[in-house]
Amino acid sequence: MGNKLYVGGLPYSVTEGRLQEIFAAHGTVESAKVITDKFTGQSRGFGFVEMSSGGEAQRAIQALNGTELGGRTLTVNEAKPMERRDSGRDRGNRSGGRDRW
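As a starting point, this report considers the structure included with it. (Residues numbered from 1 in each chain as written. Predicted model: local features only at pLDDT ≥ 70, side-chain atom pairs only at ≥ 80, totals over all residues. Heavy atoms only, no water.)

Across the sheet, which stays open at both edges, the four strands sit in the order S2-S3-S1-S6 with antiparallel pairing between neighbours. The open sheet is flanked by strand S2 (29-36) and strand S6 (75-78), the only strands paired with a single partner. The sheet shows a mean angle of 20 degrees between the axes of neighbouring strands, taken without regard to direction. By the bridge criterion, five bridges tie strand S1 (residues 4-8) to strand S3 (residues 43-51) in an arrangement that is antiparallel. Within S3, the residue paired with Tyr6 across the bridge is Phe48. Running over the sheet, helix H1 (residues 16-24) touches S1, S2, S3 and S6 and is turned about 135 degrees from S2. On the sheet, helix H2 (residues 54-64) packs against S1, S3 and S6 and is oriented at approximately 155 degrees with respect to S6. (Pairing = 2+ DSSP bridges. Helix = DSSP H or I, 4+ residues; strand = E, 2+ residues; numbered from the N terminus. Axes fitted to C-alpha atoms, helices over the stretch in contact; angles between N-to-C directions. Contact = heavy atoms within 4.5 Å.)

Rendered as structure tokens:
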């Protein structure tokens, strides 16, 4: 069990400080991050929390998954490694696949 958690269903008003407070009741929080839209700065309704150990992360999942916060139901589980995003095209060749000469 890893110690990084995905937290979904966050109210859009939740701050990183509040997210850290919620999880601190279940162990030592190494970091708490609310993901925001890069253009508007608005919360996207999810975030990540890193606990100091896998055991604390497991306790936080058991205690908080399915609970309600600000009228929304939290989804808390182990974070999956970020997958490489690929648009499906070769970025090195900008000619659209045609030979230039």
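Our next topic: the pattern of salt bridges. Under the counting rule described, the total for this entry stands at two salt bridges. The salt bridge involving Lys33 is made with Glu16; its shortest N-O contact spans 3.6 Å. Separated by 17 residues along the polypeptide, Lys33 in strand S2 and Glu16 in helix H1 bring together distant segments of the chain. Residue Glu16 is classed as partly exposed on the basis of its relative accessible area, which comes to 34%. Notably, a salt bridge pairs Arg18 with Glu21, separated by 3.3 Å at the nearest N-O pair. With Arg18 and Glu21 both in helix H1 and three residues apart, this pair spans about one turn of that helix. (Salt bridge = Lys/Arg side-chain N within 4 Å of Asp/Glu carboxyl O. Buried < 20%, exposed > 50% of the residue type's maximum accessible area, 1.4 Å probe, protein only.)

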